[in-house]
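Residue-level structural notes
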Amino acid sequence: PAGVAGSVVCWAFTIIRRAGRRRSPLPPPIRFASPPTPTRSSDRRWWGRRSGDLEEQPSGSGVQSERSFSPELSGRKKHEPAAMGDELELAADKHVRYIVTVEKKKDSFESLVMEHIRLNGAYWGLTTLDLLHKLNAVDAAEVVEWIMSCYHPESGGFGGNVGHDPHVLYTLSAVQVLCLFDRLDVLDVDKVADYVAGLQNEDGSFSGDIWGEIDTRFSYIALCTLSLLHRLHKIDVQKAVDFIVSCKNLDGGFGAMPGGESHAGQIFCCVGALAIAGSLHHIDRDLLGWLCMFCISHSPTTDLIELLELLKVCYSWWVLSSLIMIDRVHWIDKEKLTKFILNCQDKENGGISDRPDNAVDIYHTYFGVAGLSLMEYPGVKPMDPAYALPLDVVNRIFLRK
């Protein structure tokens, strides 16, 4: 879910922030070495849990109310990042304050253009708070009340904001936020599940809403939503898996449709969906390891700062989560990626940007903290790479069942 609205958000902020800036130089050639051997058992650990008959795994996307708390993708003020060589640490308290106060900027340009995905913003902000052990910074009752004000009882879906049309994307974000607060009891679970299941097409794909757009992102959203609600039996899981596999490319990656080009965000959605469906055996794990090109360790002569400026913090989630699910996270240099994320912080006002020296926003603050979570950063809760929720939340949902 987290990655589903990503293309729209990244596109908007690229236009806003980088207009008029010169193009970055092409990156230096990437030199691939033989994959290193993991040094710790945790490097190869799979954190996710599955429900029912899903594949056994090794051990190891609210606002209080529209008036008081509605996270936006805002933060136009540029910040001065620390030099890459400086000692860096996560400014957790500043990020918490940024998330809680960002709703006050309702007159900003970002607030207006992101009005239609405010429920996604709620998921990003609230999940970040939970990862930082600060979910109690908001009023749970007001959050749940606002979430339910976006619900369409006639269809069973949720809109991106009050009065907006229902869509499977916002429905997953609503379910995830309710999972954070352990309040799935407020839902008519079967009604919501029927809405999602009703969007499955004959070929196994899923439409995003009644207008019929098809995308592998929606396949992930549907499987994730129904799994969290313990309602996977309402769809043809095998057909859903077959459609996703039909979108696999020769490079090992996945596209939005059969024949679509591979993209890290689409790969996260497809790998996550296959993991939830217990069907990771369809993936060539070593071939898909090309993902590590985004985070690979380079020669000491490589200008790391110049290279990382071509990347975005959000890829730390899409790439890392996928590599964890296919048991290849030990192929990347965690230390360098951690430094890159920390260097994108606004250490004065809080928030994380897509790249160093860019404006911060809720979207990349979530992805940055989530990426650090996947790398076991101290003080950050562990994250489930498939469900995009804190691991304790996922365990509560499935272990209780």
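Predicted, not measured: the structure shown is a model, and the values here were computed from it. The written sequence of each chain sets the order in which its residues are numbered from 1. This being a predicted model, a pLDDT of at least 70 is required before a residue's local features are given, and a value of 80 or more before pairs of side-chain atoms are given or counted; all residues contribute to the totals for chains, interfaces and linings. To obtain the side-chain values, all non-hydrogen atoms of the structure were included, while hydrogens and water were left out.

Considering the overall build of the protein chain
Which entries qualify depends on this criterion: Strands here are runs of E lasting at least two residues and helices are runs of H or I lasting at least four, both read from the DSSP assignment and numbered beginning at the N terminus. The classification of residues rests on relative accessible area computed with a 1.4 Å probe and restricted to protein chains. Under 20% of the type maximum is buried, over 50% is exposed, and intermediate values are partly exposed. Each accessible area is a Shrake-Rupley result for a 1.4 Å probe, and residues are judged covered by the shown protein chains and nothing else.
Of regular secondary structure, the protein chain possesses 16 helices and seven strands. Split into buried and exposed, the 401 residues of the protein chain put 61% on the buried side. Split by element, the accessible area of the protein chain, about 16100 Å² in all, is 52% carbon and sulfur.

With respect to the packing of aromatic side chains
Heads up, the rule is: Planes of paired rings set the category: under 30 degrees apart is stacked, over 60 is edge-to-face and the rest tilted, where pairs are Phe, Tyr or Trp rings (Trp by its six-membered ring) whose centres lie within 6.5 Å.
Going through the model one piece at a time under the given rule, you end up with 10 aromatic pairs. Plain terms: the ring middles of Tyr363 and Phe367 are 4.7 Å apart, the flat faces sit at 80° to each other, and that makes the pair edge-to-face. Taken together, the residues Tyr363 and Phe367, both in helix 15 (residues 362-374) and four residues apart, mark about one turn of the helix. We note that Tyr363, like Phe367, is buried. Each residue in the set Tyr123, Trp124, Tyr315, Trp318, Tyr363, Tyr366 and Phe367 is aromatic and connected to the rest through ring pairs, giving one cluster.

Some thoughts on the packing of helix 4 (residues 118-131) against helix 15
Convention followed: Helix axes use the C-alpha atoms of the stretch in contact, all axes being lines fitted to C-alpha atoms, and the angles between their N-to-C directions lie in the range 0 to 180 degrees. Handedness of a helix crossing follows the sense of rotation of the near helix relative to the far helix, less than a right angle counterclockwise being left-handed and clockwise being right-handed. The contact rule is simple, with two residues in contact once any of their heavy atoms fall within 4.5 Å. We call Asp, Glu, Lys and Arg charged. Ala, Val, Leu, Ile, Met, Phe, Trp, Tyr, Cys and Pro are nonpolar, and the rest, Gly among them, are polar.
Across the interface, helix 4 lies against helix 15 with an axial gap of 9 Å and an inter-helix angle of 35°. Between helix 4 and helix 15 lies a crossing whose hand is left-handed. Between helix 4 and helix 15, the contacting residues are Gly121, Tyr123, Trp124, Gly125, Thr127, Thr128 and Leu131 on the first element and Ile362, Tyr363, Thr365, Tyr366, Val369, Ala370 and Ser373 on the second. Residue composition of the contact of helix 4 with helix 15, grouped by class: eight nonpolar, six polar and no charged.

Digging into the pattern of salt bridges
Convention followed: Throughout this description, the term salt bridge denotes a Lys or Arg side-chain nitrogen within 4 Å of a carboxyl oxygen of Asp or Glu.
Within the structure shown, the criterion is met by 13 salt bridges. The partner of Asp286 in a salt bridge is Arg328, with the nearest N and O atoms 2.9 Å apart. Residue Asp286 is found in helix 11 (residues 285-288), and its partner Arg328 is found in the loop between helix 13 (314-325) and helix 14 (334-342); the two are separated by 42 residues along the sequence.

Things to note about helix 9 (residues 237-246)
Note the following rule: By arc we mean the arc of the directions from the helix axis to the C-beta atoms, nothing more. Within 3.5 Å is the distance limit for a polar contact, defined as a pair of N or O atoms, with the added protein rule that one can donate a hydrogen and the other accept it, and that residues adjacent in sequence qualify only through two side-chain atoms.
Listing the buried residues of helix 9 in full gives Ala240, Val241, Phe243 and Ile244. Projected onto a plane normal to the axis of helix 9, the buried residues spread over an arc of 160° and lie on a single side. Tucked inside the fold, the buried residues of helix 9 contact helix 8 (216-228) and helix 10 (264-276). Backbone nitrogen of Gln238 and a side-chain oxygen of the N-cap are separated by 3.3 Å at the start of helix 9; the cap is Asp236.

Re the sheet that holds strand 1 (residues 151-152)
Threshold: Strand pairing is defined by DSSP finding a minimum of two bridges between the two strands.
Read across the sheet, three strands follow the order 1-2-3 without closing on themselves; strand pairing throughout is antiparallel. Because the sheet does not close on itself, it has two edges, and the strands there are strand 1 and strand 3 (166-167). Here two bridges tie strand 1 to strand 2 (residues 157-159), and the two strands are oriented antiparallel to one another. The partner of His152 across the bridge, within strand 2, is Gly157.

Quick notes on helix 4
Put simply, the rule reads: How far a helix is expected to stretch is found by multiplying one less than its residue total by 1.5 Å.
Taking 1.5 Å of rise per residue, 14 residues should cover 20 Å, and helix 4 covers 20 Å from first to last C-alpha, within 8% of that figure. Counting buried positions along helix 4 gives 14 out of 14 residues, so the element sits mostly inside the fold.

Re the nonpolar core
What counts is decided by this rule: Here, nonpolar core refers to any group of buried Ala, Val, Leu, Ile, Met, Phe, Trp, Tyr and Cys residues whose side-chain atoms link them within 4.5 Å.
If you look at the biggest cluster of nonpolar residues, it comprises 113 residues, and the most contacted ones within it are Leu126, Ile147, Phe158, Tyr220, Leu228, Val271 and Trp317. Apart from the residues lying within four places of it in its own chain, the contact partners of Val271 are Phe254, Leu280, Ile283, Leu288, Ser322, Met325 and Ile326.

Side note on the confidence of the model for the protein chain
Any segment with low pLDDT has predicted coordinates that should not be analysed in fine detail. Put simply, the test is: Confidence of the predictor at the level of single residues is captured by pLDDT, which takes values from 0 to 100.
In the predicted model, the protein chain carries a mean pLDDT of 79, and the fraction of residues at 70 or more is 70%. In the model, residues 2-78 has pLDDT below 50 throughout and makes 217 contacts with residues more than four positions away in sequence or in other chains. Low pLDDT, under 50, characterises residues 82-86; the stretch is placed with nine contacts to residues that sit more than four places away or in other chains.

Quick notes on the state of the cysteines
Stated precisely, the cut-off is as follows: Disulfide assignment relies on a single distance test, namely cysteine sulfur atoms paired within 2.5 Å.
Considering all chains together, one arrives at zero disulfides under this definition. Summary of cysteine pairing: Cys269 is not part of a disulfide, and the nearest cysteine sulfur, belonging to Cys270, is at 6.7 Å. Here Cys270 is not disulfide-linked; the sulfur of Cys247 is the nearest cysteine sulfur, at 6.0 Å. You can call Cys270 buried: its relative accessible area is 0%.

Some words on unusual backbone geometry
Of note in this structure, Asp182 is not a glycine but carries a positive phi near 55°. Tracing the sequence through the fold places Asp182 in the loop between helix 6 (168-180) and helix 7 (189-197). Among the residues examined, Asp182 registers a relative accessible area of 33% and is labelled partly exposed. Of note in this structure, His230 is not a glycine but carries a positive phi near 60°.

With respect to the environment of Asp286
Residue classification places Asp286 among the partly exposed residues on the basis of a relative accessible area of 46%. Spatially, the C-alpha atom of Asp286 lies 7.8 Å from that of Arg328, the residues being 42 residues apart in sequence.

What about the packing of helix 6 against helix 8?
Packing of helix 6 against helix 8 brings their axes to within 9 Å, and their N-to-C directions diverge by 35°. Considering the relative orientation of helix 6 and helix 8, their crossing is left-handed. Across from Val168, Leu169, Leu172, Val175, Gln176 and Cys179 in helix 6, the residues of helix 8 making contact are Phe218, Tyr220, Ile221, Cys224, Thr225 and Leu228.

Structural notes on the environment of Val319
Here Val319 shows up in helix 13. Accessibility expressed as a relative area gives 0% for Val319, which makes it buried. For Val319 and Ile267, which are 52 residues apart along the polypeptide, the C-alpha to C-alpha distance reads 8.3 Å.

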